[in-house]
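Working through the structure, step by step
Here's the letter readout for the chains.
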Amino acid sequence: MKITKLYIAALFASLSLASCSDSGYWNEASQDGDVVAFQQSSVTATYSLGESTVTTVQLVRTNSSEAITLPVTVLENDGVNCPASIQFEAGSKVTTTSFDVTNGEAGKTYKAKVVFPNQYAGSTKMDTCNVSISIDYLWVSLGIGMYYDGMIQDNPVDVEIQKADGFKRWRVKQPYATTYEANSTFSFGVAAGSGPDWVVFYELANGSLALVPFNTGINYQGQANYPIWWYNPANFQGMNNDNCQWLDEGLAGFGPMFYIPGLGILFDGSSNTDVIQIALPD
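Predicted model only: the values in this text are computed from it and were never measured.

On to the overall build of the chain. In terms of regular secondary structure, the chain is built from one helix and 23 strands. Counting across all 282 residues of the chain, residues that qualify as buried make up 43%. Accessible area for the chain stands at about 14,300 Å²; split by element, carbon and sulfur atoms hold 46% of it.

Okay, structure coming up:
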């Protein structure tokens, strides 16, 4: 299981210029009556398999003179236990409500969308909350393997590799950290940190492989709003992952796409099988 160094002359494709944010508080002085708002319009949480999945969301209001109970309407739901109502105690401007998942399965994400009566929303329109609860895999360390990215790294690096118990899914710990520490400047951009904490890949039903798309940590031409990602070819219309495959026993090879969201493809590696190579521990 030997990684073969790859020397790529990156042929940059032409880049054609082809947002989820949480709202904040209102200006209380501009509101009349009892206005209520979720502090976040979307909440995302990830838990380990078997861990409690209780996810708490805070709400605030402008008028705390009386206790109120707000019925909750569930607009969409995929396995999330949602509250039937939200209660504010008299004298309190803040309350919380909780969501959770019962017997969640590893690798799955459960989502719900809830709303309270919009007559309380005022101009904030923060009456709706999207909740996403993910259950992580149980990861087992396999030991030290090797990782090589032919676009970014001069040589393979030693890395810890873990496997999801019971699944054909692996992850590599901080494969770019030592590379960026030694040199953070590249012809196509500048590394802003240590790169991703984990690079995850898995085997598909047909035996080919796929990366979980990830931000390399390099910003195109040093611009923070143009991060460079690795994507699977299959993420693009009319393409497939046929060249992402096992090159040898325990040696995974990938021909992914160097991609800048909002700009375009910087490098098309789909005709290669070894742009990224990952050697599992012996």
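Moving on, there is more to tell.
With that settled, consider unusual backbone geometry. Positive phi values are uncommon outside glycine, yet Asn103 reaches one of about 50°. Mapped onto the elements of the fold, Asn103 is located in the loop between β7 (94–99) and β8 (109–115). Exposure remark for Asn103: the relative accessible area of 71% places this residue in the exposed category. Positioned with a positive phi, Gln174 is a non-glycine residue whose angle comes to about 40°. Topologically, Gln174 is positioned in the loop between β12 (169–173) and α1 (177–182).

Sheet strands line up and pair through hydrogen bonds in the backbone, either parallel or antiparallel. The sheet built from four strands is open, its strands ordered β2-β9-β8-β5 with mixed pairing. Two strands lie at the open edges of the sheet, namely β2 (42–47) and β5 (73–78), each paired on one side alone. Across the sheet, the mean angle from the axis of one strand to that of its neighbour is 10°, orientation sign disregarded.

Cut-offs used in this document
Residues numbered from 1 in each chain as written. Predicted model: local features only at pLDDT ≥ 70, side-chain atom pairs only at ≥ 80, totals over all residues. Heavy atoms only, no water. Helix = DSSP H or I, 4+ residues; strand = E, 2+ residues; numbered from the N terminus. Buried < 20%, exposed > 50% of the residue type's maximum accessible area, 1.4 Å probe, protein only. Areas by Shrake-Rupley, 256 points an atom, 1.4 Å probe, with all protein chains shown as cover. Pairing = 2+ DSSP bridges. Axes fitted to C-alpha atoms, helices over the stretch in contact; angles between N-to-C directions.

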